[in-house]
Amino acid sequence: MTRLLGASSLLIALGVAIYAALALLVGARKHRAELLRSGAVAVYAVWALATVATLSMVYALVAHDFSVEYVARVGSRATPLFYTVISLWGALEGSILFWIFVLTSLSALVVYQNRAREGTLIWYTGGVLMLISIFFLILLVGPANPFGLVSPVPADGPGPNPLLQNHPLMAVHPPLLYLGYVGMSVPFAFGIGAVLSGEIDSDGWIRLTRRWLLIAWAFLSAAIVAGMWWSYEVLGWGGYWAWDPVENASFLPWLTATAFLHSVMVQERRGLLKLWNLNLIVATFALTILGTFLTRSGVLSSVHAFSEGPIGRYFLAFIALVLVGSFALVAGNSERLRPTGSLDSAVSRESVFLLNNLFLTAFTVTVLVGTLFPLVAEAIRGVKVSVGEPFFNRMTLPICAALLFLMGVGPALPWRRASRDVLRKQLIPPAIVALAAVMVSFVVGVRSPYGLATFAFGGFALTANLREFVDGAMARRRALGESPVIALGRLVGANRRRYGGYIAHLGVLTLTLGIAASSTFRTEREGTLQKGQTMDVGRFTVRLDDVSYREEPQRGVIAGLVTVLRDGREVGRMEPRMNFYPTSDQPVPTPSVRSRPAGDLYINLQAFSQDGSNATLRVIVEPLVPWIWIGGMIVCLGALVSMGGRKAPAPATVRVRADRTVPTGAATEGAS
Amino acid sequence: MNWRRATLAVAFSAPIIGLLGFGLTRDPKQIDSPLPGKAAPAFSLAVFAPGEGETALAVGDTVRLAGHAGKIVVVNFWASWCLQCRDEHRDLSTAATSYFDRGVRFVGVLYNDQESFGLRWIDEMGGQTYPSVLDPRTRTAIDYGLYGVPETFLISQDGRVAYKHIGPISERLLSYKLDSLLRDGARTP
């Protein structure tokens, strides 16, 4: 019953989506209002049908209906309810189903929000979104049908992939990632819609696009950090990033989207980079689809790979269509995207944005080349080669350092042109902090040039960004007599886009500090301990008290009981485990992490003896790791602040420097 | 629309699409198994599902690879939680009976599963004609370099791994491989 309901909703949704796409695209071209109205209703109907299909699957999972193929593959009676529900996105078919749910929800929201908007932009946009939905619905009706029938009906299933049911972060990371990935379809649809509707030379569409891209970007940022956190908490190696193809796949669109968020300001403010921005939007979307293709087609070997199927060919056809169609459309209309302004000076904020885009693009190309290199090597030389961490680290560290530096220079420079005087005033204090940071990090033992550069440029950027808040608030305080806290709040509130951006910068800096410190000052020891024996790692002493085995409904658990001592005093107990799932040939490591602001103590159970008399522990002391997660949250907070663009009351501008103004109202709202 | 530029843009994306298309024809996990041609790893495992008719063994009996010297042995790794094992089950059972008289012995190895689940599965699937054995701590699976279930190994009369099959195997392929092995065996006594 559930099976039929789900399968038929998907089939009907496909038909309705085809109608919606035709009605919207034809209606927009021929200006037929009744077609457009019915098309809009069809978009809502597709959403409703996709919702029914998704809920049917959730119901089938919870009810352990093993006649449904997907449930038979990922369900199990012993799996706790929580993991049963989230196994909706634990394997290929379910994840595509969830994808279409998110995509149709966003489509319906976009059409509904803008249905009264003048012009045909929104209808073309809706049409493009429906074309994308059609592709995913074809997958769900055909090669990735989750509602297939299993006969005879099995009594029980294997349960989700053990790695996916071992940590609650699995409930957070995938949906965030899908929201980010799928969210990038909306700016893409707006971009193509703008070209098709001829609104490409007006400014309205870019504002809509920017807001949607910002939302998707925030989700993608959160997803990447949550993914790092998950890998840190689950995989047992004490790291959080390994340049795995799938990690790269999520990072690539993030890089191009970040580039867009910066360069779009140059377009809004100075009328430059219009063609470039449109290309960034198309590239971002294409990279999300490429990422999905790479993870689901089995083209590259990865720890994250989904089970394979004929789905790769469909994705390839879709990527080809997206690339060919959108680049042809953009290139064909490029003459209408001529700049309407010009670059006045090499030393200005817009030129820093230009450099920032240059480096972000170089970053994207580097990561893309590294990711696809195994394919290139096999195509040309016929051998299996892959490039690992050393390649990525060596290639991207200089780019990161440059971006950090620009992050400090950008906010300090005014638009159009910076005078020598301004440069001196703006850049000398951060430079002093940078110098101090280098000396301090050298004293505490940083020797690698990139480590020193990171701390130097990090200090530089931190000072430059913080000064924006301090100077702005002080100016308000002097001019309006507000208390410091209120001045700061109003400063941010009056110019949310700009200060949201600076908050995001602070988040990235916090995250960078966490990564730099934890990778530079990491102490790691591995040893086999008899019961009662101790081992010293950094400031800590760990003592193995016991090794025990216990049965839980869905798994067996081997646990080491470890007491943590510091200066001879007991400060805590930890329980690193190995979880054995019946369907997995390998135990799933479950490290125990003790998090404090100063850093983490990370213990992983590597091995144990059968009689429980000893165990091998890997103990890692990693300073400042929690700041990576906190930094990620600050980035999202920045995006959130930046999203609100409510027009503030009448502008009052206070002159503080010869050629710099501190906005107290909405003077630069929507433009900075 | 400027068609010249549009065409250029299309030409630019062609190599990327070509590269991804090439990727689809490759399997990154396909790292050739060193086993075929080498002596099959020995095993000695206890029967938990007896099989049927003339192929049957008593529960608790030990199946030794060495005990089948001179015969062709088909070793199939399976599990009750494995969906693809359902697809090949009928074909394996049929082949096990039809090739018994020609000196081919089938043995199922239960992989990462519980005896009771395995028995219930055999029951649900309408029986299994050949015996299945337990593989404690998946020692044998490790010896055979198992990547996943189902996997099937054909061991020739002289104790070498003649063929390794990943995924569900069909009766047609099985007959083809067994027939050619039997022919070769007849030629070199």
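Coordinates for the structure precede this section.
First, a word on scope: everything that follows refers to the structure included in this document.

Procedures and definitions
- Residues numbered from 1 in each chain as written.
- Chains lettered and ligands numbered in written order.
- Predicted model: local features only at pLDDT ≥ 70, side-chain atom pairs only at ≥ 80, totals over all residues.
- Helix = DSSP H or I, 4+ residues; strand = E, 2+ residues; numbered from the N terminus.
- Rg over C-alpha atoms; globule rule 2.2 N^0.38 Å.
- Contact = placed C-beta atoms within 7 Å.
- Buried ≥ 20, exposed ≤ 12 C-beta atoms within 10 Å, placed from the backbone.
- Nonpolar A, V, L, I, M, F, W, Y, C, P; charged D, E, K, R; others polar.
- Axes fitted to C-alpha atoms, helices over the stretch in contact; angles between N-to-C directions.
- Parallel < 35°, antiparallel > 145°, perpendicular 65-115°, else oblique.
- Expected span 1.5 Å × (residues − 1).
- Left-handed = near helix turned anticlockwise from the far one by under 90°.
- Core = buried A, V, L, I, M, F, W, Y, C linked by C-beta atoms within 7 Å.
- Arc of directions from axis to C-beta.
- Pairing = 2+ DSSP bridges.

Re the overall build of chain A
Within chain A one finds 19 helices and 12 strands. A globule of 672 residues ought to have a C-alpha radius of gyration of about 26 Å, and chain A, at 27 Å, matches this closely. For chain A, the spread of C-alpha atoms along the three principal axes comes to 75 × 65 × 55 Å. Here the analysis covers contacts within chain A between residues at least 6 apart in sequence; of these, 70% occur between residues at least 24 apart.

Examining the overall build of chain B
When helices and strands are counted, chain B shows five helices and seven strands. Mapped from its N terminus to its C terminus, chain B presents α and β elements in the order α-β-β-β-α-β-α-β-α-β-β-α. Over its C-alpha atoms chain B spans a radius of gyration of 21 Å, topping by over 25% the 16 Å that the globule rule assigns to 189 residues. With the principal axes as the frame, chain B shows a C-alpha extent of 80 × 45 × 30 Å. A buried classification covers 37% of the 189 residues belonging to chain B. Partitioning the contacts of chain B with sequence separation of at least 6, the portion at a separation of at least 24 is 76%.

Some points on the interface of chain A and chain B
Note: interface size is frequently given as the accessible area lost on complex formation between the parts. Opposite the 35 residues of chain A that make contact, chain B presents 29 residues. Those elements that provide at least two residues to the side of chain A that touches chain B are α3 (69-74), α11 (274-297), α12 (311-332) and α13 (349-381) of chain A. Partitioned by chemical class, the residues of the side of chain A that touches chain B number 21 nonpolar, nine polar and five charged.

Topic: the packing of helix α9 (residues 204-234) of chain A against helix α19 (residues 626-643) of chain A
Two measures define how a pair of helices packs: the angle their axes make with one another and the distance between the axes. Residues and elements named next belong to chain A. Contact pair α9 / α19: the axes reach a minimum separation of 9 Å and the direction vectors enclose 170°. Between α9 and α19, the interaxial angle falls into the category roughly antiparallel. Counting all contacts with α9, which are made through R211, L214, I215, W217, A218, S221, A222, V225, M228 and W229, the residues of α19 involved are I628, W629, G632, V635, C636, A639, L640, S642 and M643. Grouping the amino acids of the contact of α9 with α19 by side-chain chemistry returns 15 nonpolar, three polar and one charged.

As for α19 of chain A
Residue and element names in this part refer to chain A. The end-to-end C-alpha distance of α19 is 26 Å, a good match for the 26 Å that 18 residues give at a rise of 1.5 Å each. Burial in α19 covers these residues: W627, I628, G631, G632, I634, V635, C636, G638, A639, V641 and S642. The elements touched by buried residues of α19 are α9, α17 (484-494) and α18 (496-520).

Describing the packing of helix α10 (residues 245-270) of chain A against α11 of chain A
Residues and elements named next belong to chain A. Interhelical geometry of α10 versus α11 gives an angle of 165° and a closest axis separation of 9 Å. Taken together, α10 and α11 sit at an angle that is classed as roughly antiparallel. Considering how the two elements wind past one another, α10 and α11 form a crossing that is left-handed. Of the residues in the contact of α10 with α11, the class split is 15 nonpolar, nine polar and one charged.

A closer look at the nonpolar core
With 196 residues, the main nonpolar core has A13, A20, V46, I100 and A286 of chain A as its most contacted residues. Non-local contacts of A13 of chain A, meaning those with residues more than four positions away in its chain, are made with V46, L49, A50, A53 and L137 of chain A. Residues F43, V75, C85 and A141 of chain B belong to the second largest nonpolar core, which totals 43 residues.

With respect to helix α3 (residues 115-124) of chain B
All names here are of chain B. Every buried residue of α3 is listed here: G118, W121 and I122. When α3 is viewed along its axis, its buried side chains cluster within an angular range of 100° and face the same direction. Among the exposed residues of α3, those oriented more than 90 degrees off its buried face are S116 and D123. Among the structural elements, β1 (44-49), β4 (104-110) and β5 (132-134) are those in contact with the buried residues of α3.

Examining the environment of R447 of chain A
Structurally, the position occupied by R447 of chain A is in the loop between α15 (420-443) and α16 (449-480). On a C-alpha basis, the gap between R447 of chain A and T520 of chain A in space is 9.5 Å, while along the polypeptide they are 73 residues apart.

Some words on the sheet that holds β5 of chain B
Residue and element names in this part refer to chain B. Here seven strands make up an open sheet; going across it, the order is β2-β1-β5-β4-β3-β6-β7 and the pairing mixed. Both outer strands of the open sheet, β2 (62-64) and β7 (161-166), are each paired with one neighbouring strand and no more. Strand-to-strand twist across the sheet, computed as the mean angle between neighbouring axes with direction ignored, equals 30°. Inspection of the sheet shows β1 paired to β5 by two bridges, in the antiparallel sense. Residue pairing in the sheet places A49 in a bridge with S132 of β5. In the packing of α3 onto the sheet, contacts are made with β1, β4 and β5, and the angle to β1 comes to roughly 55°.

As far as function goes, none of this settles anything; it's purely spatial.
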